[in-house]
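Spelled out from the first residue to the last, the chains are:
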Amino acid sequence: MQFTTALLASAAAMTASALPQSTPIADGTPFGVITIRSGSQVQNSALQAANSGVLVNAKSQNASCDAETNSATFYIKDEELHLLESKSSARPQKIFVDRSWFGQGIIGYVTGAQPIGTRSETKGWALVNGELKFQDTGLQVCPGSVDGAWSVWLQGVDKPGWNENCTSVSNLAVKADKPIGCWYS
Ligand SMILES: *[C@@H]1O[C@H](CO)[C@@H](O)[C@H](O)[C@H]1NC(C)=O
Ligand SMILES: *[C@@H]1O[C@H](CO)[C@@H](O)[C@H](O)[C@H]1NC(C)=O
């Protein structure tokens, strides 16, 4: 499991059975996200971004960041989920989902003016009682991704992308006290 210090501090202060009343995170405020699935390998794992996808438990997300971190920092603006960009990069990166039969709930990101697929959507993200959701749908994670990581998908398909042994997780957005911008691979 990989954490930033800030996320670790927040996670340590939390137990799965008694989630804190998380302070609402306003639009535009940077946050990290941890997955919650008690007793599993994905309990308190921070969301990461790499290779145009969203992961947990990768040894390194191989991003170029303004400071040392191995987790992704996001913010929501107008229902769109953005990756907080590095100060040295003027190329915004934005998350999309594809809920069609083809996408099966895939979550990815595009950079700058790179177009999203015709079946992909970007608008619909919200923090619902502190949980990151897309149009009220939460997340699931699947083992067997690159470098021991688990890939992150929207819930709804049992074997998204024909991945096996996927498990639904809840998640908690944690406000980033010292947000770190990155350029994600
Ligand atoms: C899924 O679980 C089965 C049964 O435990 C196991 O044989 C298989 O290797 C697992 N696949 C992945 C990708 O973890
Ligand atoms: C990060 O880079 C290392 C070394 O090139 C590679 O082995 C690993 O798979 C990469 N991790 C991800 C999440 O792409």
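Before reading further, recall that the structure is shown in the block above.
Owing to the predicted nature of the structure, the values given are computational and were not obtained by experimental measurement.

A.B. asks: Hey, could you run me through the site of ligand 2 in this one?
C.D. replies: If you check the shell around ligand 2, you find Ala-50, Asn-51, Leu-55, Ser-60, Asn-62, Val-146 and Asp-147 and nothing else. Here an oxygen atom of ligand 2 and a side-chain polar atom of Asn-51 are 2.9 Å apart. The contact in question runs from a nitrogen atom of ligand 2 to an N or O atom on the backbone of Ser-60, over 3.4 Å. Coverage of ligand 2 by the protein amounts to 56% of the 370 Å² it exposes when considered alone. Considered class by class, the residues forming the shell around ligand 2 number 3 nonpolar, 3 polar and 1 charged.

A.B. asks: Explain the side chain of Gln-140 here, please?
C.D. replies: Structurally, Gln-140 can be placed in strand β12 (residues 139–142). Of the residues examined, Gln-140 reaches a relative accessible area of 4% and is grouped as buried. A polar contact is formed between the side chain of Gln-140 and the backbone oxygen of Val-157, at a distance of 2.9 Å.

A.B. asks: What am I meant to see in the state of the cysteines here?
C.D. replies: The full count for this structure, using the stated rule, is 2 disulfides. The disulfide that involves Cys-142 links it to Cys-166, with 2.2 Å between the sulfurs. Judged by the torsion about the S-S bond (110°), the Cys-142/Cys-166 disulfide is right-handed. Taken together, the residues span a long stretch of sequence, with Cys-142 in strand β12 and Cys-166 in the loop between β13 (150–154) and β14 (167–175) at a distance of 24 residues.

A.B. asks: Where do I start with empty space enclosed by the protein in this structure?
C.D. replies: The method is simple in principle: a probe with the dimensions of a water molecule rolls over the atoms, and the space it marks as empty is what remains. Under the definition given, this model contains 1 cavity of 30 Å³ or more. Roughly 50 Å³ of internal volume is contained in the largest cavity. Looking at the largest cavity, the residues that line it are Leu-47, Val-54, Phe-74, Leu-81, Ile-95, Ile-107, Trp-125, Leu-132, Leu-139 and Val-152. Each residue belonging to the lining of the largest cavity can be placed in one class, and the counts come to 10 nonpolar, no polar and no charged.

A.B. asks: I would appreciate a short explanation of the environment of Gln-41 in the present structure.
C.D. replies: Among the secondary structure elements, Gln-41 is positioned in the loop between β1 (31–36) and β2 (45–46). Taking the relative accessible area as the measure of exposure, Gln-41 reaches 57% and is therefore exposed. As a C-alpha pair, Gln-41 and Trp-150 span 109 residues in sequence and 9.7 Å in three-dimensional space.

A.B. asks: Can you walk me through the packing of aromatic side chains in this structure?
C.D. replies: The way to describe two aromatic rings as a pair is by their centre distance and the angle between their planes. According to the stated counting rule, one finds 4 aromatic pairs in the structure shown. On the numbers, 5.5 Å between centres and 90° between planes, the contact of Trp-101 with Phe-102 is edge-to-face. You can call Phe-102 exposed: its relative accessible area is 57%. For the pair Tyr-109 and Tyr-184, a centre-to-centre distance of 6.4 Å together with 70° between the ring planes defines the contact as edge-to-face. Of this pair, Tyr-109 sits in strand β9 (residues 106–111) while Tyr-184 sits in the segment after β15 (182–183), and the two are 75 residues apart along the sequence. With a relative accessible area of 3%, Tyr-109 lands in the buried category.

A.B. asks: Any chance you could explain the nonpolar core here in plain terms?
C.D. replies: Where a protein is soluble and globular, its nonpolar side chains tend to be buried together. Grouped together as the largest cluster of nonpolar side chains are 30 residues, with contacts concentrated most on Phe-31, Leu-47, Phe-74, Ile-95, Ile-107 and Trp-125. Judged by nonpolar contacts, the second largest core, of 5 residues, contains Ile-34, Ile-36, Ala-46 and Leu-172.

Quick notes on the rules
Residues numbered from 1 in each chain as written. Chains lettered and ligands numbered in written order. Predicted model: local features only at pLDDT ≥ 70, side-chain atom pairs only at ≥ 80, totals over all residues. Heavy atoms only, no water. Near = heavy atom within 4 Å. Polar contact = N/O pair within 3.5 Å; in protein donor to acceptor, adjacent residues only side chain to side chain. Areas by Shrake-Rupley, 256 points an atom, 1.4 Å probe, with all protein chains shown as cover. Nonpolar A, V, L, I, M, F, W, Y, C, P; charged D, E, K, R; others polar. Helix = DSSP H or I, 4+ residues; strand = E, 2+ residues; numbered from the N terminus. Buried < 20%, exposed > 50% of the residue type's maximum accessible area, 1.4 Å probe, protein only. Disulfide = S-S within 2.5 Å. 1 Å grid on protein atoms, 1.4 Å probe; cavity = no way out; pocket = protein on both sides within 12 Å on 5 of 7 lines; lining within 4 Å. Points joined across faces, edges and corners; volume = space filled by probe spheres on them. Phe/Tyr/Trp six-rings, centres within 6.5 Å; stacked < 30°, edge-to-face > 60°. Core = buried A, V, L, I, M, F, W, Y, C linked by side-chain atoms within 4.5 Å.

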